[in-house]
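Coordinate inspection notes
Take a look at the letters that make up each chain.
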Amino acid sequence: MKLDLHYVDPRLVALYDSANPWGADSDFYLQLADELGAETIVDLGCGTGLLTTALAVGARTVIGIDPAPAMLAIAQQRLGAERVRWLEGDSSQLVGLQADLVLMTGNVAQVFLDDQEWRTVLQGIYAALPVGGYLAFESRNPLTRVWEQWRRDTTYTVSDSPYGPLEEWLEVVDVAAGCVHLQGYNIFQTTGETLIVESKLRFRTSAELCESLSTAGFTIAQLYGNWHRAPLTDKSPIIVIVAQRHQSSVA
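Residues numbered from 1 in each chain as written. Predicted model: local features only at pLDDT ≥ 70, side-chain atom pairs only at ≥ 80, totals over all residues. Heavy atoms only, no water.

**What about the overall build of the protein chain?**
So the rule is basically this: Under the scheme used here, helices are H or I runs from DSSP no shorter than 4 residues and strands are E runs no shorter than 2 residues, and both carry numbers assigned from the N terminus. As defined in this context, the radius of gyration uses C-alpha atoms, and a globule is described by 2.2 Å times the residue total to the power 0.38. We call a residue buried when its accessible area falls under 20% of the maximum for its residue type, exposed when it is over 50%, and partly exposed in between, using a 1.4 Å probe and counting protein chains only. In what follows, a contact means two residues having at least one pair of non-hydrogen atoms within 4.5 Å. Only the protein chains shown count as cover for residues, with accessible areas throughout obtained via the Shrake-Rupley method and a probe of 1.4 Å. None of His or the chain ends enter the tally, which takes Lys and Arg as positive and Asp and Glu as negative. Note that the charge is assigned to NZ on lysines, CZ on arginines, CG on aspartates and CD on glutamates.
Within the protein chain one finds eight helices and 11 strands. The globule rule puts the C-alpha radius of gyration for 251 residues at 18 Å, and the 18 Å found for the protein chain is close to it. Across its three principal axes, the protein chain shows a C-alpha extent of roughly 55 × 40 × 30 Å. Looking at the protein chain as a whole, 47% of its 251 residues qualify as buried. In the protein chain, the share of contacts with a sequence separation of at least 24, taken over all contacts with a separation of at least 6, comes to 61%. Accessible area for the protein chain stands at about 11,900 Å²; split by element, carbon and sulfur atoms hold 52% of it. Side-chain charges in the protein chain split into 17 positive and 30 negative, and the spacing between the mean points of these groups amounts to 3 Å.

Listed below in structure tokens is the structure:
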């Protein structure tokens, strides 16, 4: 998988946490782990490890997996990072692991564009869980067509950064077959340098997500439309899914 510049360029990686601070999503996953009594947790696509390190309390075993070395470098400098086992790579790193709970946060589920790639990820998670183990993740709800708001006039900001004033905005290039191709513009005013981040995201409906999970051997335990556990509706901004591995074999 080719990584976006947001996860590779040292300047953008250093700014990642300020753009993605602790919020209601992290509160949800932290509470869920407590409610499920999870003793071994895998954070797949852990990024800079903000949630990962918070999960690593008491006697828990926590494993953070991410394909971006620059993101993991920040994660490994966090307070409590020594309590986490950090692995560089993708879902193939799940082989041989056993967990009570696997998390995919930060809309990680949307980076798997191809259906076969998504099936492979779900099958890897299934194999890493015992019967009754849980998978939890979120994805933006395509029915809200949020990408229509990803324009310069609605996303333009100027902020201070360690590298001087930074201009940022989003522009959508193309929408086709459930995939949104967008560009993130980053202009460092001090130097005049422009970094254009190419990204592609797959928007799957709740029906598509639930069907793929069922095919992979999961049942839906919880389905929400926001981080406060409201019911999922057509107007919900996100689809939050907690799925449980059942007895049947993976298709």
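Continuing now.
**Observations regarding the sheet that holds strand E7 (residues 166-176)**
What holds strands together in a sheet is hydrogen bonding between their backbones, with the strands either parallel or antiparallel. Inclusion rule: Strands were regarded as paired on the criterion that DSSP finds at least two bridges between them. Each axis is a line fitted through C-alpha atoms, taken for helices only over the stretch in contact, and angles between the N-to-C directions span 0 to 180 degrees.
The strand order across the open sheet formed by four strands is E6-E7-E8-E9, and the pairing between neighbours is antiparallel. The open sheet has two edge strands, strand E6 (157-159) and strand E9 (193-202), and neither has a second partner. Strand-to-strand twist in this sheet, taken as the mean axis angle between neighbours without regard to direction, amounts to 25 degrees. In the sheet, E6 pairs with E7 via three bridges, with the strands oriented antiparallel. Looking at the pairing, Thr157 lines up with Glu168 of E7.

**What to know about helix H8 (residues 206-216)**
Where we set the bar: Here, the arc refers to the directions that run from the helix axis to the C-beta atoms.
Listing the buried residues of H8 in full gives Leu209, Ser212, Leu213 and Ala216. All buried residues of H8 fall inside an arc of 100 degrees around its axis, so they share one side. Turned more than 90 degrees away from the buried face of H8, the exposed residues are Ala207 and Glu211. Tucked inside the fold, the buried residues of H8 contact helix H6 (115-128), strand E5 (134-140), strand E10 (218-224) and strand E11 (238-245). A positive phi of about 105 degrees marks Gly217, the residue just after H8.

**Some details on the sheet that holds strand E3 (residues 84-88)**
Here seven strands make up an open sheet; going across it, the order is E3-E2-E1-E4-E5-E11-E10 and the pairing mixed. Every interior strand has two partners, whereas the edge strands, E3 and E10, have only one. Mean inter-strand twist for the sheet, computed between neighbouring axes without regard to direction, equals 20 degrees. Note that strand E1 (residues 40-44) and strand E2 (residues 61-66) share five bridges and pair parallel. Looking at the pairing, Asp43 lines up with Gly64 of E2. In this fold H6 packs onto E1, strand E4 (101-104), E5, E10 and E11, with an angle of close to 150 degrees to the strand it touches most, E4.

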